[in-house]
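# An overview of the molecular structure
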Amino acid sequence: MDYSKVLNTTLASLPPSGIRRFFDIANEVKADDMISLSIGEPDFATPWHIREKGITSLEQGKTWYSANAGLLELREAISRRIARHTAVEFDPRSEIVVTVGGSEALDIGIRALVNTGDEVLVPSPSFVCYAPLVAMAGGVPVSIVTKAENGFRLTADELRAAITPRTKLLILPFPNNPTGAVMRREHLEAIADVLRDTDIMVISDEIYGALTYGDAPHVSAVQIEGLRERTLLVDGFSKAYAMTGWRLGYICGPEPVMKQVVKLHQYAIMCAPTTAQHAAIEAMENGDEDIAYMRGEYDARRRLILQELNDMGLTCFEPEGAFYVFPSIQISGLTSEEFCEQLLLRHHVAIVPGTAFGDGGEGFARISYCYSVNHIMEAMKRIRRFLQELKEEAR
Ligand code: PMP
């Protein structure tokens, strides 16, 4: 059988994720002293009171399907949490769907909107999944390269310049993976002004919305006049509540769109895992303190790693959200891929080349700080030694 003839051609032409590629090389290198700062996954276990609710639901035999859109009790809890933080109301019966992670929320949000040939604007660098999901939906991903000098934010001018008559959708990936950039109210308002008289929809991926640092609270796109009615808000439990393995997220938006979103979810997934949904109710109702604790820990690591990197000459824009830093590696004289590959092979430290996150990533690398301080400090020591070696070799 010639499998090249039977595969979906769009899918077959998509490259595998650049993050996984580095993770796989790291696994192959089989060194006992390997240190990975490559994965965006909290090093905390899910807080016990949340786990306990999942366990209790199993003990009580709650092992059935839920409603397609998710347990109503969870949707109500999600609605209350969003209202608590943004003062924006989403109707739990018609405007919220519980999904298998933020990942599924992005997929079905994109597929509910995109027709063949529609252009979807994707600020870059950003999370690896947007462009492939757009391509699989028949759309054309159009990247907008954000710039370090603008704090890796999407500017109104950049957006305006990228819009064509075919533009259907804008992905707003803030707080951003990998840069840690956040969009403040005024930045979002400028985006809203550009979109005002258009039919362009927005998918705002706010999965790191609970993890921002500094005094200014996260502002959601749905809080901005002119964005609420055109925005699908994507969020989830993985990052804020350290619940990656439970596979739970959600998508909220205007009823006419959500009616279509729920159909996709119904046909492809049926419903998100029920045990995870029971645990998630507890997270939504009583998880704010856990977030505050974990955010404090991430913030301490963020400061430490920033200081170390800047001290060794890897200039680093200060990330204000998520749990990544995105230093420039240009002083090494290497490309992002070369830098990360050599660091991995010579010093057994795995970080991810910026190019894994799209067009804007050359010259940068992503370092995740969801790791212990000891782990981080050992990695920093080795990166410092690597830079020293490169300097000596260049003489
Ligand atoms: N959005 C962004 C920006 C992410 O970084 C991730 C995970 N790395 C996701 C969505 C998906 O997360 P999950 O499916 O675990 O909710």
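Structure: above.
Residues numbered from 1 in each chain as written. Predicted model: local features only at pLDDT ≥ 70, side-chain atom pairs only at ≥ 80, totals over all residues. Heavy atoms only, no water.

## Focus: the nonpolar core
Counting residues in each nonpolar core, the largest one holds 74 residues, and the members touching the most others are L170 and F339. Sort the elements by how many residues they give to this core and helix 14 (residues 373–394) lands first, with 7 residues. Beyond its immediate stretch of four places on either side in the chain, F339 contacts L314, I329, S332, L334, I351, F386 and L387. Ranked by size, the runner-up nonpolar core spans 28 residues in total, among them I96, A272, A283 and M284. (Core = buried A, V, L, I, M, F, W, Y, C linked by side-chain atoms within 4.5 Å. Buried < 20%, exposed > 50% of the residue type's maximum accessible area, 1.4 Å probe, protein only. Helix = DSSP H or I, 4+ residues; strand = E, 2+ residues; numbered from the N terminus. Contact = heavy atoms within 4.5 Å.)

## Examining a nonpolar patch on the surface
Taken together, the side chains of M1, Y3, V6 and L7 make up a nonpolar region of the molecular surface, amounting to roughly 490 Å² of accessible area. Counting through the fold element by element, V6 comes out in helix 1 (residues 3–6). (Patch = residues over 30% accessible without salt bridge, like charges linked within 9 Å, V, L, I, M, F, W, Y side chains within 5 Å. Areas by Shrake-Rupley, 256 points an atom, 1.4 Å probe, with all protein chains shown as cover. Salt bridge = Lys/Arg side-chain N within 4 Å of Asp/Glu carboxyl O.)

## Focus: the pattern of salt bridges
Considering all chains together, one arrives at 23 salt bridges under this definition. The salt bridge partner of R384 is E308, with a shortest N-O separation of 3.2 Å. Of this pair, R384 sits in helix 14 while E308 is found in helix 12 (residues 288–311), placing the two residues 76 residues apart along the sequence. On the basis of relative accessibility, which here comes to 32%, the residue R384 falls in the partly exposed class. For E308, a relative accessible area of 18% translates into the label buried. Put simply, E393 and R346 hold a salt bridge, and the shortest N to O gap is 2.5 Å. Of this pair, E393 sits in helix 14 while R346 sits in helix 13 (residues 336–347), and the two are 47 residues apart along the sequence. Residue R346 is classed as partly exposed on the basis of its relative accessible area, which comes to 33%. Connected through shared salt-bridge partners, D299, R302, R303 and E318 make up one network.

## Thoughts on the packing of helix 4 (residues 48–59) against helix 11 (residues 274–286)
In the contact formed by helix 4 and helix 11, the axes pass within 8 Å of each other and the chain directions differ by 145°. Crossing hand, helix 4 versus helix 11: right-handed. Here H49, I50, K53, G54, S57 and L58 of helix 4 come into contact with helix 11, specifically with T275, H278, A279, E282, A283 and N286. Looking at side-chain class alone, the contact of helix 4 with helix 11 contains 4 nonpolar, 6 polar and 2 charged residues. (Axes fitted to C-alpha atoms, helices over the stretch in contact; angles between N-to-C directions. Left-handed = near helix turned anticlockwise from the far one by under 90°. Nonpolar A, V, L, I, M, F, W, Y, C, P; charged D, E, K, R; others polar.)

## Remarks on unusual backbone geometry
A cis geometry characterises the amide bond from S124 onward to P125, with omega recorded as 10°. Tracing the chain through its elements places P125 in the loop between strand 3 (119–124) and helix 7 (130–136). Following F174, the chain continues into P175 via a peptide bond in cis, with omega recorded as -5°. Positive phi, normally seen in glycine, also occurs at F152, with a value near 55°. Considering the arrangement of structural elements, one finds F152 in the loop between strand 4 (140–145) and helix 8 (156–162). Non-glycine residue H348 carries a positive phi angle of around 60°. Within the secondary structure, H348 is located in the loop between helix 13 and strand 10 (349–350).

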